[in-house]
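Listed below are the residues making up each chain.
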Amino acid sequence: MNNLLRVVLDTNIILSSISRRSPYRTIMEKLYDGKYELFITNDILLEYEEKISENFDPDTAELNIGALLLLPNVTKIETYYRLKLIYPDLDDNKFADCSFAANAHYLVTNDRDFRMLKSLPFPKFNVIRIEEFLEVVNKL
C-alpha cells in the first residue's frame, strides 16, 4: 500500500491547471510525476471530459482523460454511499462521495457550495482551495 497523499480534484481545479501557461500547472505536473494519488469515479471522469471539451476542445479533453487513465496514481473507485450533503448543486455530491469513499486527505475546489462540508461533525472533509493545494504540492 502506498503512502501517497489521497486527493479528489473538483472539475474547476482540473480546468485551472491544464494549460501549460497556468500558474496552477504544477498541480497537474506533480500528478504526472506520481507525487500524489488522484481518486475519481466514472461520473467525475465524464464531467472532466465534458468541461474540458467545452472550455478547450474535444481533442484536449481526449488527450487529458487518456493521460489520466494511464497514470498508476489515478485510482478509479466506486462509491457505494450517496451522502447528499451539498444542496445548492446536487451534482457536486459526486466529489464529496468520492472523497468519503477514498478517505481523501484533501478535496480541492474553488466552489463555494463545498464550504458547508467543513462544518460537519461527520464525515470529516478537508476542503481546500486551489491556492492552498498548490502550496501543498509544491512541498511534494
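Residues numbered from 1 in each chain as written. Predicted model: local features only at pLDDT ≥ 70, side-chain atom pairs only at ≥ 80, totals over all residues. Heavy atoms only, no water.

Draft legend 1. Focus on the overall build of the protein. Looking only at helices and strands, the protein has six helices and five strands in total. Helices and strands in the protein line up, N terminus first, as β-α-α-β-α-α-β-α-β-β-α. On C-alpha atoms alone, the protein measures out to a radius of gyration of 14 Å, which is about the 14 Å that the 2.2 N^0.38 rule sets for 140 residues. Considered along the principal axes of its C-alpha atoms, the protein spans approximately 40 × 30 × 25 Å. Out of the 140 residues in the protein, the part that is buried amounts to 48%. If you take every contact in the protein between residues at least 6 apart in sequence, the share linking residues at least 24 apart comes to 66%. Just so you have it, the protein exposes about 7900 Å², and 50% of that area is on carbon and sulfur atoms. In the protein, the 17 positive side-chain charges and the 22 negative ones have mean positions that sit 7 Å from each other. (Helix = DSSP H or I, 4+ residues; strand = E, 2+ residues; numbered from the N terminus. Rg over C-alpha atoms; globule rule 2.2 N^0.38 Å. Buried < 20%, exposed > 50% of the residue type's maximum accessible area, 1.4 Å probe, protein only. Contact = heavy atoms within 4.5 Å. Areas by Shrake-Rupley, 256 points an atom, 1.4 Å probe, with all protein chains shown as cover. Lys, Arg positive; Asp, Glu negative; His and termini not counted. Charge placed at Lys NZ, Arg CZ, Asp CG, Glu CD.)

Draft legend 2. Molecular detail of helix α6 (residues 130-138). Buried residues of α6: I130, F133, L134, V136 and V137, and no others. Each buried residue of α6 sits inside an arc of 160 degrees when the element is viewed along its axis, so together they form one side. At its buried positions, α6 is contacted by β1 (5-9), α1 (11-17), α2 (25-32), β2 (36-40), β4 (106-108) and β5 (127-128). (Arc of directions from axis to C-beta.)

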